[in-house]
Amino acid sequence: MTAPILEIRGLRKSFGHVEVLRGIDLAVSPQELVFIIGPSGSGKSTLLRCCNRLEEPSAGTIFIDGVNLLDRRTDINAMRRQIGMVFQSFNLYPHLTALSNVSLALRKVVRKSRAEAETLALAALARVGLREKAKSYPSELSGGQQQRVAIARALALEPTIMLFDEPTSALDPELVGSVLGVMRELKQDGMTMLVVSHEMRFARDAADRVIFMDHGAVVEEAPPAEIFASPREARTRAFIAELTR
Amino acid sequence: MDAWSRFLDTFFKPDLIRHYLPSIAIGTLTTIEIGMAIVVTGIALGLVLAVVRTFRILPINVILVACVDIMRALPPIVLVLLVYFGLPNIGVNVPSFAVLWIVLSLVLAAFAEEILWAGILSIPKGQWETARSTGFGFFSTLIYIVLPQAMRLTVPPLTNRTLAITKNTALGTAIGVPEILNQATTGQSFSGNATPLMMGAIAYVILFIPVVGLGRFLETRFRWSRA
Ligand SMILES: Nc1ncnc2c1ncn2[C@@H]1O[C@H](COP(=O)(O)OP(=O)(O)OP(=O)(O)O)[C@@H](O)[C@H]1O
Ligand SMILES: [Mg+2]
């Protein structure tokens, strides 16, 4: 078996006295799409945010492509470029065009020339089907388009893994499809992905594995067909019944 | 003499206009020079202070906030007089225009720092997090993502403050800086006529209306609607 891209062991995270993650073990193999579900407050976002150290874990280890993310000697800014993150609220830079949103880190972090950065940014925008919106400002784009620009912004840095935190939850139902479509294509292109979402249909036909989290722990994991059809744990069953109601 | 010609004679006496035009012109140039110097150093210092504050080093921020609050609380004239008449007593002689420039720069810096700091705080956390997640460090996030937005948001209050404070260059009269009001009051006391004062007033209007217009322009130019 190939070495995992992301390997989490014994991950714990407390906010003050409250332990939000209670020993998570999770490995994501190259090109795998792991889907995380779980009730609100179960720690899904915190888990994702620990994976690029937006939250500082309290204990445990995280390896990304063999590099110890929590080692003090690890250059976290360099590592974060490799870990694409997409947020529920898009977070586009409102003062910049779509093109500049995508090219800014290429220019200022990777230090590419403007021409080179814009070529790469246009290619990334093309990948999400928004090449012709390069000159638009975020306020001129629909929610779905904004989220696709946000995906392009992460993609342009050629990440080894992409983390999605409820990428479609802030979208009107009719705009969800375009974002999921882009994510499907990423999966087909062999991107390694860790996705927190409630889009069960997407999980069913794109995920390799589904993880059910509750109270800061992994309760159950299985291929989507299996976990949706016959969950082993009562908590999983209750949650899925609630979702598919 | 009817009322209209008495009015003209009091405020717009032709030979006085001719006579005092050169000195009002000199005063206008002086006001422009000091005003521009205050805007540049005041905003630049305010920006530096706001950036320093983002590092949240407690002792530094306590001192910074205390100084800023003092500068904002004191009427500028008090500071001007204090510095101009106080410093010579400890053997420091600062030219009057420099006193005006330094004091008003500090006052503008204090207000600009507060305005820019509020602007920085108003940028959503998600902007920071997104930038950090694409590899930007703290400082470059501030420079490339947060400050550009904060500065656009704060153009209106900053313009207002800058206007209010550069108008305080008129305080130079109290310490003998040859700016517009000083020239005008000198002319008024020599001629016993209000025409030089009216000329000074007109000079201020001519000077500051374009600044107001520039503020309007910047406001629309840099506005973007939030999604
Ligand atoms: N910065 C923080 N400070 C204190 N508590 C926090 C912080 N962030 C999250 N928490 C707490 O940690 C717990 C897990 O939060 P998290 O956002 O990871 O849940 P989630 O599974 O993503 O939920 P949701 O489905 O609502 O997004 C919650 O109880 C939350 O209140
Ligand atoms: Mg969440």
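This section reports on the structure supplied with the text. As the structure is a prediction and not an experimental result, all values here were calculated from the model.

**Some remarks on the overall build of chain A**
Step number 1: A tally of helices and strands in chain A yields nine helices and ten strands.
Step number 2: Overall, chain A is about 55 × 45 × 40 Å in size when its C-alpha atoms are taken along their principal axes.
Step number 3: Here chain A, with 245 residues, has 54% of them falling under the buried criterion.
Step number 4: For chain A, long-range pairs separated by at least 24 residues make up 64% of all intrachain contacts whose partners lie at least 6 apart in sequence.
Step number 5: Here chain A carries 31 positive and 29 negative side-chain charges, and the mean point of each set is 5 Å from the other.

**With respect to the overall build of chain B**
Step number 1: Scanning chain B from terminus to terminus reveals ten helices and zero strands.
Step number 2: Overall, chain B shows an N-to-C arrangement of helices and strands of α-α-α-α-α-α-α-α-α-α.
Step number 3: Expected size for 227 residues packed as a compact globule is a radius of gyration near 17 Å; at 22 Å, chain B overshoots this value by more than 25%.
Step number 4: Along the longest, intermediate and shortest principal axes, the C-alpha atoms of chain B span 80 × 50 × 25 Å.
Step number 5: Put simply, chain B has 227 residues, and 42% of those count as buried.
Step number 6: Excluding contacts between residues fewer than 6 apart, the proportion of contacts in chain B whose partners are at least 24 apart in sequence is 78%.
Step number 7: Counting only carbon and sulfur atoms, one obtains 72% of the accessible surface of chain B, whose full area is about 11,700 Å².
Step number 8: Each charge class in chain B can be summarised by its mean position, and for the 15 positive and 10 negative side chains these summaries are 11 Å apart.

**A closer look at the pattern of salt bridges**
Step number 1: Within the structure shown, the criterion is met by 20 salt bridges over all chains.
Step number 2: Of the charged contacts, one joins Arg12(A) and Glu19(A) as a salt bridge, the two residues approaching to 3.1 Å between their closest N and O atoms.
Step number 3: Judged by its relative accessible area of 34%, Arg12(A) falls in the partly exposed class.
Step number 4: Assessed through its relative accessible area of 28%, Glu19(A) is described here as partly exposed.
Step number 5: Close ionic contact of Glu114(B) with Arg72(B) constitutes a salt bridge, the shortest N to O distance being 4.0 Å. In this pair, Glu114(B) is assigned in helix H5 (residues 96-121) and Arg72(B) in helix H3 (residues 58-73), connecting sequence segments 42 residues apart.

**A look at the interface of chain A and chain B**
As a measure of interface size, the accessible area lost when the parts come together is often cited.
Step number 1: Contact residues are listed per partner, giving 23 residues for chain A and 19 residues for chain B.
Step number 2: For the pair chain A and chain B, the two sides together bury roughly 1,900 Å², of which 60% comes from carbon and sulfur.
Step number 3: Sorting the residues of chain A by area buried against chain B places Tyr93(A), Pro94(A) and His95(A) first, and these three jointly supply 30% of that buried surface.
Step number 4: Seen at the junction of chain A and chain B, the total is one salt bridge.
Step number 5: For Glu129(B), the salt bridge is made with Arg49(A), and the minimal N-O distance between the two is 2.8 Å.
Step number 6: Counting the contacts that link chain A with chain B gives four residue pairs in polar contact (both at pLDDT 80 or more).
Step number 7: At the level of secondary structure, the elements contributing two or more residues to the side of chain A that touches chain B comprise helix H2 (76-82), strand E6 (83-86), helix H3 (98-108) and helix H5 (143-155) of chain A.

**Details of the pairing of strand E10 (residues 217-222) of chain A**
Residues and elements named next belong to chain A.
Step number 1: Bridge count for strand E9 (residues 209-214) against E10 is five bridges, and the pairing is antiparallel. What sits directly across from Asp214, in E10, is Ala217.
Step number 2: Between E9 and the antiparallel strand that follows it, E10, lie two residues; His215 among them carries a positive phi value of about 50°.

**Re the site of ligand 1**
Residue and element names in this part refer to chain A.
Step number 1: Every residue lining ligand 1 is accounted for by Phe15, Val20, Pro39, Ser40, Gly41, Ser42, Gly43, Lys44, Ser45, Thr46 and Glu166.
Step number 2: Between ligand 1 and Ser40 there is a distance of 2.6 Å, counted from an oxygen atom to a side-chain nitrogen or oxygen.
Step number 3: Between ligand 1 and Lys44 there is a distance of 2.7 Å, counted from an oxygen atom to a side-chain nitrogen or oxygen.
Step number 4: When ligand 1 is considered free in solution it has 630 Å² of accessible area, and contact with the protein chains removes 56% of it.
Step number 5: Among the elements that make up the shell around ligand 1, the one with the highest residue count is helix H1 (residues 44-50) (three residues).
Step number 6: For the shell around ligand 1, the class distribution of residues is three nonpolar, six polar and two charged.

**Some thoughts on the environment of Ser14(A)**
Residues and elements named next belong to chain A.
Step number 1: Mapped onto the elements of the fold, Ser14 is located in strand E1 (residues 6-15).
Step number 2: A relative accessible area of 25% places Ser14 in the partly exposed class.
Step number 3: Sequence separation between Ser14 and Ala59 is 45 residues, and the spatial gap between their C-alpha atoms is 9.2 Å.
Step number 4: If we ignore the near neighbours within four places in the chain, the residues touching Ser14 are Glu19, Val20 and Ser58.

**Considerations on the nonpolar core**
Residues and elements named next belong to chain A.
Step number 1: One finds Phe35, Ile151, Met162, Phe164, Met183 and Met193 to be the most contacted residues of the largest nonpolar core, which totals 59 residues.
Step number 2: Here this core spans two domains, and each of domain 1 (1-82 + 161-245) and domain 2 (93-158) adds at least three residues to it.
Step number 3: Contact partners of Met183, with chain neighbours within four places excluded, come to Ile151, Phe164, Pro167, Met193, Val195 and Phe202.

**So, helix H10 (residues 195-221) of chain B**
Residues and elements named next belong to chain B.
Step number 1: With 27 residues, H10 ought to run about 39 Å at 1.5 Å a step, and its terminal C-alpha atoms sit 39 Å apart, in line with that.
Step number 2: Here H10 has its buried residues at Thr195, Pro196, Met199, Gly200, Ala203, Tyr204, Leu207, Phe208 and Gly215.
Step number 3: Those residues of H10 that are buried are in contact with helix H1 (3-11), helix H2 (14-54), helix H8 (155-167) and helix H9 (180-191).

**A word on the environment of Ile43(B)**
Residue and element names in this part refer to chain B.
Step number 1: Structurally, Ile43 is set in helix H2.
Step number 2: For the pair Ile43 and Leu116, spaced 73 residues apart in sequence, the C-alpha separation works out to 9.6 Å.
Step number 3: Residues within four places of Ile43 in sequence aside, it is in contact with Ile38, Leu108, Leu158 and Thr162.

**Observations concerning the pairing of strand E4 (residues 59-64) of chain A**
All names here are of chain A.
Step number 1: Relative to E4, E1 runs antiparallel, the two being bridged by five bridges. Bridging from a neighbouring strand, Arg12 pairs with Ala59 of E4.
Step number 2: Pairing of E4 with strand E5 (residues 67-68), which is carried by two bridges, proceeds in the antiparallel orientation. Within E5, the position partnered with Phe63 by the bridge is Asn68.

**Quick notes on the state of the cysteines**
Step number 1: Scanning all chains against the criterion turns up zero disulfides over all chains.
Step number 2: The cysteine Cys50(A) is free of any disulfide, with Cys51(A) supplying the nearest cysteine sulfur at 7.0 Å.

Rules of the game
Residues numbered from 1 in each chain as written. Chains lettered and ligands numbered in written order. Predicted model: local features only at pLDDT ≥ 70, side-chain atom pairs only at ≥ 80, totals over all residues. Heavy atoms only, no water. Helix = DSSP H or I, 4+ residues; strand = E, 2+ residues; numbered from the N terminus. Buried < 20%, exposed > 50% of the residue type's maximum accessible area, 1.4 Å probe, protein only. Contact = heavy atoms within 4.5 Å. Lys, Arg positive; Asp, Glu negative; His and termini not counted. Charge placed at Lys NZ, Arg CZ, Asp CG, Glu CD. Rg over C-alpha atoms; globule rule 2.2 N^0.38 Å. Areas by Shrake-Rupley, 256 points an atom, 1.4 Å probe, with all protein chains shown as cover. Salt bridge = Lys/Arg side-chain N within 4 Å of Asp/Glu carboxyl O. Buried area = accessible area lost by both parts, 1.4 Å probe. Polar contact = N/O pair within 3.5 Å; in protein donor to acceptor, adjacent residues only side chain to side chain. Pairing = 2+ DSSP bridges. Near = heavy atom within 4 Å. Nonpolar A, V, L, I, M, F, W, Y, C, P; charged D, E, K, R; others polar. Core = buried A, V, L, I, M, F, W, Y, C linked by side-chain atoms within 4.5 Å. Domains from an automatic or database assignment. Expected span 1.5 Å × (residues − 1). Disulfide = S-S within 2.5 Å.

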